[in-house]
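# Structural description and commentary
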Amino acid sequence: METVAVTVSETNCVPIEKSDSDVLNSNNLTSNAENVASKADSTSEVKKSKNQMKREAKNAKRLENKAERRAIEREKNKIKRAKRRLEDPSIDSLHSLRKKLKDSTMANSNCHVGLVIDLSFDDLMDEKSMASCVKQILRCYSINRRAANPVQFYVTGLSGKSLTEMSKHNGYMNWDVNFHKEQFLDVLDKEKVVYLTSDSENIIENFDDGKFYVIGGLVDHNHNKGLCHKQAVERGLNHGRLPIDEYICLKTRKVLTIDHVFNIAVNVCNGQSWKDAFMSILPTRKGATELSSEVEVPEISSDIETSESIPLE
Ligand code: SAH
């Protein structure tokens, strides 16, 4: 056995052990000139390897120090945190609140109401509207994550344009959401579906456990007036509208954004009254006032398709 210097292409490799016969064979194939060149190369390679080894040893030492430094820092932080906790016990409740948030998943929730966003309207939206639609879905996710009892959240028909837009948000597939590329009627029991639409003559009084309330994933500045209602009737689906007029006085049109409908539903499912849910979620520019109130709010004619921003996780 003989150790042969590495070739140029193996610069970063450890010299390989080759058998005598291998050496003979390779020697037979190279000319004298090539042998000289390869000898020169091999000397520089050996030197390089030594340098490399030095560099590696140095790096290893640095990493070791870094690990040590980190361990010291961690200990210091532990002491700091303990001190802070002694000074301000409310920090503990903040931690437990954060932990509670982590634990409040759909699976652990006491709420078995399904809220579904139906993404079957991609062809009716340009790029900007599609992006706005997906942003509203992100807000819905954020709202549900913060709820004491999250609803059973579904997004159906996630394919094509909506999937491309959703894919811009890293890791969305790991969120606590039931994503389906199929349409909602392919994954849910039709009898349990209630399509939400402001044009329905039926009024939603409660959200029932075991039912799936579908919100149209459509941002269209009301260009397609009455579309969701028409589709629900054609498909023979149950449908209903939110009881806006029954609880508050809204000076603008009654078509709300996807995330506002979602937020109101989540809050009502979590025990808030309809009135409080409407009053707290609808932005003041929508002109929401209590039914008994005499305050005049000027009518706003522009269609509202954007909603207040809710910080995401
Ligand atoms: N131009 C569409 C409305 C899109 S608004 C249409 O006329 O059908 C997006 C979705 O929010 C609707 O599909 C509906 O599911 C829901 N929504 C908005 N306002 C609502 C209301 N007042 N009651 C029930 N659902 C509502």
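Here's a quick rundown of the structure. (Residues numbered from 1 in each chain as written. Predicted model: local features only at pLDDT ≥ 70, side-chain atom pairs only at ≥ 80, totals over all residues. Heavy atoms only, no water.)

What follows deals with the site of the ligand. The local shell around the ligand holds 21 residues, among which L196, G216, D220, K254 and L256 are the closest. In the environment of the ligand, a nitrogen atom lies 3.1 Å from a nitrogen or oxygen atom belonging to the backbone of L242. Computed on the free molecule, the ligand has an accessible area of 550 Å², of which 98% lies beneath the protein chains in the complex. Within the residue set of the shell around the ligand, elements represented by two or more residues are β7 (212–216) and α7 (227–234). Of all the elements, β7 adds the most residues to the shell around the ligand, at three residues. (Near = heavy atom within 4 Å. Polar contact = N/O pair within 3.5 Å; in protein donor to acceptor, adjacent residues only side chain to side chain. Areas by Shrake-Rupley, 256 points an atom, 1.4 Å probe, with all protein chains shown as cover. Helix = DSSP H or I, 4+ residues; strand = E, 2+ residues; numbered from the N terminus.)

Okay, the packing of aromatic side chains next. For the coordinates displayed, the defined rule picks out nine aromatic pairs. Ring geometry for F184 against Y195: centres 5.8 Å apart, planes inclined by 65°, an arrangement best described as edge-to-face. In this pair, F184 is assigned in helix α6 (residues 184–187) and Y195 in strand β6 (residues 193–196), connecting sequence segments eleven residues apart. Both residues of the pair, F184 and Y195, belong to the buried class. Residues W274 and F278 carry aromatic rings whose centres are separated by 5.7 Å and whose planes lie at 25° to one another, so their mutual orientation is stacked. Here the residue W274 and the residue F278 both occupy positions in helix α10 (residues 274–281), the gap between them amounting to four residues, near one helical turn. Cluster of aromatic residues (ring-pair linked, three or more members): Y141, Y172, W175 and F179. (Phe/Tyr/Trp six-rings, centres within 6.5 Å; stacked < 30°, edge-to-face > 60°. Buried < 20%, exposed > 50% of the residue type's maximum accessible area, 1.4 Å probe, protein only.)

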